[in-house]
Amino acid sequence: MKLRKKSAANGTEKKHRKTVKTDKPNKKTKSSFIKKFALTLIACILVFVLAVGCALVGLVGGAVYAYIETAQPITDEQLIAKASSRTTLIYDSKGNIIQKLTGKDNMDCEPVTDKEVPQYLKDAIISIEDERFYQHPGVDIQGVINAGIGFVKSIITGSSEGTRGGSTITQQVVKNITGNTTRSIKRKVQEAYAAVLLEKKLEKWQILELYMNLGYWGNSCTGVQSASKKYFGKPVSELSLAQCALLAGITNNPGKYNPFTEKGRENAKNRQEIILRKMLELGKISEEEYEQAINEDLQFAPKSSSQQVGSVQSYFVDQVIVDVRNALMEEMNISATMANYMIYGGGLEIYTTMDPKIQADMDSVFMDDTYFPLVNETAKRQMEHPQAAMAIIDVHNGHVKALYGGYGKKEASNTLNRASSSLMKRQPGSTAKPIAVYGPAIDLKLATAATVVDDKAVYMLGDRNPERAYPTNYNNRYDGLTTIRNAIKNSVNVVAAVVWRDMLGADNSIEYLKKVGINREKEKYISLALGGWEQGINPLQLAAAYVPFANQGLYYEPTTFTIVKDSNGKVLLDRTNKKATIVYSEETAFIITELLQEVTKGKNSPYPYPGTAATNVNEKVIGMPVAAKTGTTQSNIDKWLVGYTPYYAAAVWYGYDNSGGEPIPVKTEEMYQAHKIWAAVMKKVHEDLPKKDFNPMPEDIVTKEICIYSGKIATDLCRHDQRGNATIKEYFIKGTEPRDDDICTVHIQARVCTESKDTMGRSLLAGPYCPEEKVETKVFIQRDPPYMPQKPNEKAPRDVVYELPAGEYCTVHGAPQTPEFTDPFDLPWSFGGNGGTSTDNGQGAGQQQELRDSSSLYEDVPGGSPAEGPRNNDGYDWPEHMPLE
Ligand SMILES: [Zn+2]
Ligand SMILES: [Zn+2]
């Protein structure tokens, strides 16, 4: 019909146009034309709108259908927690009950039954939230239309007064059960559908009961009962009409209607009056009741600090509750509130991984004041006590055996748990190197334990600060040619940074960290290699990341529980058959364990210093083979010790909370507290365990005798390094070892004259006039290319004193033999006795000056100053710096 009209109209139009073109239209024709044209236009628009409308309805209908198809109805399992108050039992790994949880003792959520709730409160809630609650099937069509009109009105008038979401009590219950609060049409549609289904499953009173128990009432109160007790100091059954109306209004916006603030109380009173009026309108209360309630003087209970009625939960129990809650939310698709009800009042049985003996060992150390010395004046000024935290994991399955989250006796439940809380985020310092650098590099065969890096000044800040050497080492020196083994033993930053940047690459590093549960995708900086992470870590995460080294490369996500059953004995959560993921090859795990054992070993030739953990953490102390890594962050803010035995991996953090003022650096006197706490706990833990070795050497490991300054096959010269025998047996993943003909080229032999020395005390090369009895043959090292400073006043690596004095000949015997010699490197600090001739005393003053300046470059090398004269390098004793790292 319409279509025909349209074509007819078109015809008229066409005809008319012709007329317009040829004749001047008279007035009458014109007005009729306009009328017809308008009609046609309206018809067109109508058709268009209809068509679009139909399409839209189709689209919306399709979408709604798709949404409903995928909507999840509320299941019986999800409803399991509704308003029960059965005691939940938590067991340790030996089957002892370690904690009983009953809702009202452990949290501010106390379920209430429909029968206990006064009619006034139910009426007040229904009047304000959902007045047609008893009539609608879960969704209130009239409410939705009203809400739509209200929305349009609010746009026109610009006021949001009186608008409502149109969400029924049933819909709100669905939201409170699933915890899904996404703001989307899809969610709204699915929620509405689930509400309709829920109405078929439950009676109205049951739905209202859920609403009253699952809603949030502010000030950490879940449900009306705990809110009633908190705000009025009595159970809901004793509330007056006025109090019921006030309480019913809070949950809409607990912040705005908070009765514990002046403004909130005022808002709440206003809303109470709106609710009372609505109740009167709906005939729920009489005029008389209304008047009385409006005028009632509301008496609120004083604000109490968190009510801790039950026993104090241990750090472990705190963590188990967090973990079980998260698992229930995820696996059962329920809200945190529902999960809390299940945990605190659902009569669950929670089987944890906590080992009572290990936990007791840990507790005793953390209660012992001697491990928390009060030596830090800055901390005293800032009223802070030293803190520490520790986590122990079974390396064979990822079970968390014990946790302790702070100094001394735990005074309350759910206090800051420094061992495993997600709020605890500290930089890991050098403990990051094995997991972010060396483990990945060896596993990808991009480096080996024998890979040598020149530990010298590097400038990795690039354009940001091209003049500043970065990173530097903790001991403020460079040691020169260094294997990865040695770099781990002595925690050398330069080597880690060079391996990370030039061999491994940021992407590989990030990939491997992800495999051990550490996501650092946004931290593609050199500091990732050194543990200066933007996003910190806690002891549990760190210990877990080391588990693969102890366990043939296998990672287990750490878990604090094995099984959770409901009150009928049905298993809700099961972690007993958790699959491990492969992070490293067995060979890599073996090699890293070998290297980390070095950290616990003392001074041993050819390494002139002990490992950074050796003094406190070693096999003798623990009574078990032990591998470990130390960590310190910028300015000594955090101290770490992470390590493992064939049984357990553990990590300790020591430092201050820095809750106010400047971060507090750990003082020298407390520098090793993390090491000491780790050792004290682990010694107790291993006391009664049978002695066991780390995993045996895998088949695909080969050993080679290598030179530690070249990383290549050792020669006889390597055994005669001036520092001692420089050869060791090193482990390689088959195929990464040096070929047998790939021999050391770093060590070189030369004839030197013992009479003529440079400022470093190095004997110079013998010339043809040196008497034979003054000439000896010595082994030197040579770099390729030779060391030369990149910046003025650069600190030289300490091993330059063993470098071949290439081109520098004896200046004592006979005429200068190399008159044309000029310093090949043009070194500003070049060794004494060169730069022309030493007999040319005319330059004396200037040269002295230059030498004095240069001596400062060697401040930590005894005898480096020319003032002390020549010295013998044989038997040179390295300074006994106790490494601070
Ligand atoms: Zn060598
Ligand atoms: Zn000589």
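In case you missed it, the structure is sitting above this.
What counts, and where the lines are drawn
- Positions within a chain are numbered from 1, following the residues in the order the chain's sequence is written.
- Throughout, the order in which chains and ligands are written sets their labels, letters from A for the former and numbers from 1 for the latter.
- Selection of residues for local features in this predicted model requires a pLDDT of at least 70, selection of side-chain atom pairs for listing and counting requires 80 or more, and totals for whole chains, interfaces and linings are taken over all residues.
- Note that the side-chain values use all heavy atoms of the structure and ignore hydrogens as well as water.
- In this description a helix means any DSSP run of H or I spanning at least four residues, a strand means any run of E spanning at least two, and both kinds are numbered starting from the N terminus.
- Here's how the labels work: a residue is buried when its accessible area is under 20% of the maximum for its type, exposed when over 50%, partly exposed in between, all with a 1.4 Å probe on protein chains only.
- Here, two residues are considered to be in contact whenever any of their heavy atoms come within 4.5 Å of each other.
- Note on areas: Shrake-Rupley, 1.4 Å probe, and residue coverage restricted to the protein chains presented here.
- To define a nonpolar core, start from buried Ala, Val, Leu, Ile, Met, Phe, Trp, Tyr and Cys residues and group those joined through side-chain atoms within 4.5 Å.
- Any N, O or S atom lying within 2.8 Å of the metal counts as a donor, with the limit raised to 3.2 Å for Na, K and Ca; because water is left out of the atom set, some sites can appear incomplete.
- Here the metal geometry follows the donor angles, with tetrahedral for four donors whose angles all fall between 85 and 135 degrees, square planar for four and octahedral for six when opposite donors are more than 155 degrees apart and every other angle is between 65 and 115, and irregular for all the rest.
- DSSP calls a pair of strands paired once it identifies at least 2 bridges connecting them.
- Here the axes come from fitting lines to C-alpha atoms, over the contacting stretch only for helices, and the angles between their N-to-C directions go from 0 to 180 degrees.
- Oblique is the label for any angle not covered by the other classes, which are roughly parallel (under 35 degrees), roughly antiparallel (over 145) and roughly perpendicular (65 to 115).
- By convention the crossing between two helices is left-handed if the near helix lies anticlockwise of the far one by an angle smaller than a right angle, and right-handed if it lies clockwise.
- Classification convention: Asp, Glu, Lys, Arg as charged; Ala, Val, Leu, Ile, Met, Phe, Trp, Tyr, Cys, Pro as nonpolar; all other residues, Gly among them, as polar.
- Positive charges come from Lys and Arg alone, negative charges from Asp and Glu alone, with His and the N- and C-terminal ends not counted.
- Salt-bridge detection follows one rule: a side-chain nitrogen of Lys or Arg within 4 Å of a carboxyl oxygen of Asp or Glu.
- A patch is a set of surface residues, each over 30% in relative accessible area and not in a salt bridge, joined within 9 Å for like charges and within 5 Å for the nonpolar side chains Val, Leu, Ile, Met, Phe, Trp and Tyr.
- A helix is expected to reach a length of 1.5 Å times the quantity of its residues less one.
- Only Phe, Tyr and Trp rings take part, Trp by its six-membered ring, and two of them pair if their centres are within 6.5 Å. Stacked means planes under 30 degrees apart, edge-to-face means over 60, and tilted covers everything else.

## Digging into the overall build of the chain
Next up, step 1: Along its length, the chain carries 26 helices and 19 strands.
Next up, step 2: The proportion of buried residues among the 885 residues of the chain is 53%.
Next up, step 3: Pairs at least 24 apart in sequence give 72% of the contacts found in the chain among residues at least 6 apart.
Next up, step 4: Per element, the accessible surface of the chain, about 41000 Å² overall, is 52% carbon and sulfur.

## With respect to the nonpolar core
Generally speaking, soluble globular proteins have nonpolar side chains that are buried together.
Next up, step 1: One finds Leu247, Leu328, Met390, Ile392, Ile435, Tyr438 and Trp678 to be the most contacted residues of the largest nonpolar core, which totals 193 residues.
Next up, step 2: Excluding anything up to four places from it in sequence, Ile392 contacts Ile358, Met362, His399, Val400, Lys401, Ala402, Tyr648, Ala649, Ala650, Val681, Met682 and Val685.
Next up, step 3: In this structure, Ala450, Ile706, Tyr709 and Cys744 belong to the second largest nonpolar core, which totals 18 residues.

## So, the coordination of the zinc ion (ligand 2)
Next up, step 1: The protein atoms that coordinate the zinc ion (ligand 2) are Cys753 (SG), Cys770 (SG), Cys810 (SG) and His813 (ND1), at distances spanning 2.1 to 2.2 Å.
Next up, step 2: The coordination sphere of the zinc ion (ligand 2) comprises four donor atoms, whose angles at the metal cover 101 to 119 degrees; the geometry is tetrahedral.
Next up, step 3: The sequence pattern describing where the donors of the zinc ion (ligand 2) fall on their chain is C-x16-C-x39-C-x2-H. Of this pair, Cys753 sits in strand β17 (residues 747-757) while Cys810 sits in the loop between β19 (775-781) and α26 (844-855); the two residues are 57 residues apart in sequence, bridging distant segments of the chain. Comparing Cys753 with Cys810 shows no difference in burial state: the two are buried.

## Considerations on the sheet that holds strand β18 (residues 763-765)
Within a beta sheet, neighbouring strands are joined by backbone hydrogen bonds and run either parallel or antiparallel to one another.
Next up, step 1: Spatial strand order, β18-β17-β19: three strands in an open sheet with antiparallel pairing. The strands lining the two open edges of the sheet, one partner per strand, are β18 and β19. Each adjacent strand pair in this sheet contributes to an overall mean axis angle of 60 degrees, direction not counted.
Next up, step 2: As paired elements, β17 and β19 share seven bridges and run antiparallel to each other.

## Some points on the coordination of the zinc ion (ligand 1)
Next up, step 1: Within the first shell, the zinc ion (ligand 1) binds the protein through Cys707 (SG), Cys718 (SG), Cys744 (SG) and His747 (ND1), at distances of 2.1 to 2.3 Å.
Next up, step 2: What the four donor atoms of the zinc ion (ligand 1) show is an angle range of 104 to 115 degrees at the metal, which sorts the shape as tetrahedral.
Next up, step 3: All donors of the zinc ion (ligand 1) belong to a single chain; written as a sequence motif, their spacing is C-x10-C-x25-C-x2-H. You can see Cys707 sitting in strand β15 (residues 701-707) and its partner His747 sitting in strand β17, a full 40 residues away along the chain.
Next up, step 4: Given the relative accessible area of 0%, Cys707 is considered buried.
Next up, step 5: Looking at His747, the relative accessible area reads 5%, which means it is buried.

## Observations concerning the packing of helix α17 (residues 432-443) against helix α22 (residues 539-550)
Next up, step 1: Viewed as axis vectors pointing N to C, α17 and α22 meet at an angle of 25 degrees, and their least axial separation amounts to 10 Å. By the angle between their directions, the pair α17 and α22 is classed as roughly parallel. Taken as a pair, α17 and α22 cross one another with a handedness that is left-handed. Where α17 approaches α22, its residues Pro434, Ile435 and Gly439 are matched on the opposing element by Leu542, Ala545, Tyr546 and Phe549.
Next up, step 2: Considering only residue class, the contact of α17 with α22 consists of six nonpolar, one polar and no charged.

## A closer look at the side chain of Glu384
Next up, step 1: Relative to the assigned elements, Glu384 resides in the loop between α16 (377-381) and β4 (387-394).
Next up, step 2: Buried Glu384, no salt bridge; nearest opposite-charge side chain is Arg426, N-O distance 6.8 Å.

## Considerations on the pairing of β15
Next up, step 1: Of all seven residues that make up β15, five are buried, and the element is covered over most of its length.
Next up, step 2: Direction of pairing for β15 relative to strand β16 (residues 727-733): antiparallel, over a ladder of seven bridges. Note on β16: the bridge partner recorded for Ile706 is Ile728.

## Comments concerning a nonpolar patch on the surface
Next up, step 1: A grouping of Phe37, Leu41, Ile45, Phe48, Val49, Val52, Leu56, Leu59 and Val60 is seen on the molecular surface, where their side chains present a nonpolar patch of about 850 Å² in accessible area.
Next up, step 2: With respect to the helices and strands, the residue Phe37 is situated in helix α2 (residues 27-70).

## Side note on unusual backbone geometry
Backbone phi values are negative for most residues with the exception of glycine, while trans is the configuration of most peptide bonds.
Next up, step 1: Tyr470 connects to Pro471 through a cis peptide bond whose omega is -5 degrees.
Next up, step 2: Checked against the element boundaries, Pro471 lands in the loop between β6 (452-455) and β7 (480-483).
Next up, step 3: The linkage connecting Asp784 with the following residue, Pro785, adopts the cis geometry, with an omega of -5 degrees.
Next up, step 4: Relative to the helices and strands, Pro785 is located in the loop between β19 and α26.
Next up, step 5: Of note in this structure, Lys445 is not a glycine but carries a positive phi near 60 degrees.
Next up, step 6: Note that Lys445 resides in the loop between α17 and β6.
Next up, step 7: For Ser491, which is not glycine, the phi torsion reads 50 degrees and is therefore positive.
Next up, step 8: Relative to the elements of secondary structure, Ser491 occurs in the loop between α18 (484-489) and α19 (493-504).

## Here we look at the pattern of salt bridges
One side chain can pair with another of opposite charge once the charged atoms of both are near each other.
Next up, step 1: As enumerated under the stated definition, the model contains 43 salt bridges in all.
Next up, step 2: A salt bridge links Lys122 to Asp114, with the shortest nitrogen-to-oxygen separation between them at 3.0 Å.
Next up, step 3: Judged by its relative accessible area of 9%, Lys122 is buried.
Next up, step 4: Assessed through its relative accessible area of 14%, Asp114 is described here as buried.

## Let's talk about helix α11 (residues 262-281)
Owing to its 3.6 residues per turn, the α-helix brings residues three or four apart onto one side.
Next up, step 1: Taking 1.5 Å as the rise per residue, α11 with 20 residues should run 28 Å; its terminal C-alpha atoms sit 29 Å apart, in good agreement.
Next up, step 2: For α11, the complete set of buried residues consists of Gly264, Asn267, Ala268, Arg271, Gln272, Ile275, Leu276, Met279 and Leu280.
Next up, step 3: On its buried side, α11 packs onto α4 (119-129), α10 (241-250) and α12 (287-295).
Next up, step 4: Just downstream of α11 lies Gly283, where phi reads positive at about 75 degrees.

## With respect to the packing of aromatic side chains
Next up, step 1: By the definition in use, this model includes 15 aromatic pairs.
Next up, step 2: Ring geometry for Phe366 versus Phe372: centroids 6.0 Å apart, planes at 55 degrees, classification tilted.
Next up, step 3: You can call Phe366 buried: its relative accessible area is 0%.
Next up, step 4: Phe372 gets classed as buried once you look at its relative accessible area, which sits at 2%.
Next up, step 5: Their ring planes at 80 degrees and their centres at 5.3 Å tell us that Phe590 and Tyr731 sit as a pair that is edge-to-face.

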